[in-house]
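Survey of secondary and tertiary structure
The chain contents come next:
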Amino acid sequence: MTDSSAQEQAITPTANASANVEVDNSYENDSAYGDELSSYSASLTSSVLDYRHENGRRYHKFRDGSYLLPNDETESDRLDMLHEMFLTLLHGKLYLAPIERPQRVIDLATGTGLWAIDFADENPQAEVIGCDLSPIQPTMVPPNVKFLVDDIESEWVYERNPFDFIHARFLAVSIRDFGRLIKQCYRSVKPGGWVEFQDWDGNPYSEDDSLEGTGLQRYYDEIHGAFAKAGYDVCPGPKLEQWFKEAGFVNIHVEKFVIPYGVWPKDPYLKKVGAWCQIQGEASGFEGAALAALTRYKQWSKEEVILLASQARADGRKRDIHSLFDFYVVYGQRPENQPRWNLGQASS
Ligand SMILES: C[S@@+](CC[C@H](N)C(=O)[O-])C[C@H]1O[C@@H](n2cnc3c(N)ncnc32)[C@H](O)[C@@H]1O
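Note that the coordinates shown come from a computational prediction; the quantities given were computed from them, not determined experimentally. (Residues numbered from 1 in each chain as written. Predicted model: local features only at pLDDT ≥ 70, side-chain atom pairs only at ≥ 80, totals over all residues. Heavy atoms only, no water.)

1. Comments concerning helix 3 (residues 114-122)
Keep this limit in mind: Only protein chains enter the accessibility calculation, which uses a 1.4 Å probe; a residue whose area is less than 20% of its type maximum is buried, one above 50% is exposed, and one in between is partly exposed. Secondary structure is summarised from DSSP: a helix means a run of H or I of at least four residues, a strand means a run of E of at least two, and numbering begins at the N terminus for each. Contact between two residues is taken to exist if any of their heavy atoms lie within 4.5 Å; hydrogens are not considered.
Every buried residue belonging to helix 3 is among Leu114, Trp115, Ala116, Ile117, Phe119 and Ala120, and all of these are buried. As for helix 3, its buried residues are in contact with helix 2 (73-89), strand 3 (104-108), strand 4 (127-132), strand 5 (145-149) and strand 6 (163-169).

2. Details of the layout of surface pockets
The gaps of empty space that remain are located by a probe, the size of a water molecule, rolled over the atoms. Rules: Cavities and pockets were defined on a 1 Å grid built from protein atoms only: a cavity is a group of points that admits a 1.4 Å probe but offers it no way out, a pocket is an open group of points flanked by protein on both sides within 12 Å along at least five of seven lines, and a lining residue is one with an atom within 4 Å of any such point. Grid points are joined across faces, edges and corners, and a volume is the space filled by probe spheres set on the points.
Looking at the largest pocket, its volume works out to about 560 Å³. In terms of lining residues, the largest pocket is bounded by 35 residues, among which Tyr67, Ala109, Gly111, Asp132 and Ser174 are the most central. Listed by contribution, the elements that provide at least two residues to the lining of the largest pocket are helix 2, strand 3, helix 3, strand 4 and strand 6. Counting residues per element, the lining of the largest pocket draws most heavily on helix 2, at five residues.

3. A short note on the pattern of salt bridges
Formally: Only one rule defines a salt bridge in this text: a Lys or Arg side-chain nitrogen within 4 Å of an Asp or Glu carboxyl oxygen.
Inspection of the entire model under this criterion finds 17 salt bridges. Here Lys245 and Glu241 are joined by a salt bridge, their closest N and O atoms 3.8 Å apart. One end of the pair, Lys245, and the other, Glu241, are both in helix 6 (residues 240-247), four residues apart, so they sit about a helical turn from each other. A residue is classified by how much of its surface remains accessible, and Lys245, at 36% relative accessible area, is partly exposed. With its nearest N and O atoms 2.8 Å apart, the salt bridge here joins Glu287 to Arg313. One end of the pair, Glu287, is in helix 7 (residues 268-297); the other, Arg313, is in helix 8 (residues 302-316), and 26 residues separate them in sequence. Exposure class is identical for Glu287 and Arg313. Each is buried.

4. Points about the environment of Asp233
Definition in use: We define a polar contact as two N or O atoms separated by no more than 3.5 Å, with the added condition that, inside protein, one atom must be a possible hydrogen donor and the other a possible acceptor, whereas residues neighbouring each other in sequence contribute only through side-chain atom pairs.
Structurally, Asp233 is set in the loop between helix 5 (215-230) and helix 6. Separated by 57 residues in sequence, Asp233 and Arg176 have C-alpha atoms that sit 6.2 Å apart. Each residue touching Asp233, except ones within four places of it in the same chain, is listed here: Ala172, Val173, Ile175, Phe178, Lys239 and Trp243. Within the structure, the side chain of Asp233 is placed 2.8 Å from the side chain of Lys239, a separation counted as a polar contact.

5. Some remarks on the site of the ligand
We apply this condition: We call a residue near a molecule or strand when any one of its heavy atoms sits within 4 Å of it. The method behind every accessible area is Shrake-Rupley, applied with a 1.4 Å probe, and residues are considered shielded solely by the protein chains displayed. More than half of a molecule's atoms within 2 Å of the grid points is what it takes for that molecule to sit in a cavity or pocket. The residue classification treats Ala, Val, Leu, Ile, Met, Phe, Trp, Tyr, Cys and Pro as nonpolar and Asp, Glu, Lys and Arg as charged. All others, Gly included, are polar.
As a matter of local geometry, the ligand sits amid 13 residues, with Ala109, Asp132, Asp151, Ile152 and Arg169 nearest to it. A distance of 3.4 Å is found between a nitrogen atom of the ligand and a backbone nitrogen or oxygen belonging to Leu133. Between a nitrogen atom of the ligand and a main-chain N or O atom of Ile152, the distance comes to 2.9 Å. When isolated, the ligand has an accessible area of 610 Å², and the protein chains bury 97% of it. Under a 2 Å grid-point criterion requiring more than half of the atoms, the pocket assigned to the ligand is the largest pocket. Residues belonging to the shell around the ligand are distributed by class as follows: six nonpolar, three polar and four charged.

So yeah, pure geometry; function would need other evidence.
Right, dumping it as structure tokens:
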């Protein structure tokens, strides 16, 4: 894998994506998931108060307006639930890249920082940085992790002190120019080092057309329109491989997973992933993702957004709506001897 002459590898077999996700029709067996949905607890709180407040939610201050989801405690709780969902999805793994004892690591747009904290715990030899627009990470953290407030779409200063591993998870609806960001990663990872992005195809679908015409489908259609108007990519997952190739990475691997919404799948693993997905949706996820996008960019009222979100949430609880998302894990290696043409400007 470290052979600099190696070419991008073929797409690996899909990790959990099956053509048909079987529906669990035995409704009475789901009490554990009912408990799970109602018994989550917050693990982190935020500590900096000078933020924008709008429609009952709190938003980041640094680079005001450049990220459209809240940064309040409700949203932090939701990000922590999503962390559990992603861990379940990847069978307990934080990453899939074949890294070995990395010394310098960065987690881009770290959110509440749980990925960085877990990674630092698992890798005490590593110095781990988590950066984000919002300082919403805990202060009691392992000694080998530190958090920075930074805008990852600005020019980076890391090239003189590059990383062994750069990780980014769930940047959909955050980033305007993924191609440029991934080129920044290429320049800021050591020759032979790895970069891994984990991200959504934000378009939900159903294999039996049960999503058609529902409040869930309408919700995603409306918010995707608003995010597109604001200039954000809501479906980076399927495009990551191409961006990695364009940046110059080799040994590129793509793994595709499916994430159900709800506990309708029969398979226990998919049911658990789907439960976490529903838990985060129930935790004000629908309102949180929609409020700023639709009020700032489509001139909706707060009440209209809340109605849209409540209809999505209600349909999400229906066992006969079998909604799925695709989720991609893509990693690639900077060649040991990188060609000179890859060392141009970030925008090239
Ligand atoms: C959906 S959250 C994902 C958080 C984390 N990566 C995870 O998987 O739990 C997106 C995060 O990206 C951050 N973000 C958005 N735009 C950013 C930017 N330009 N620079 C740094 N962070 C950004 C937000 O503040 C938010 O915490």
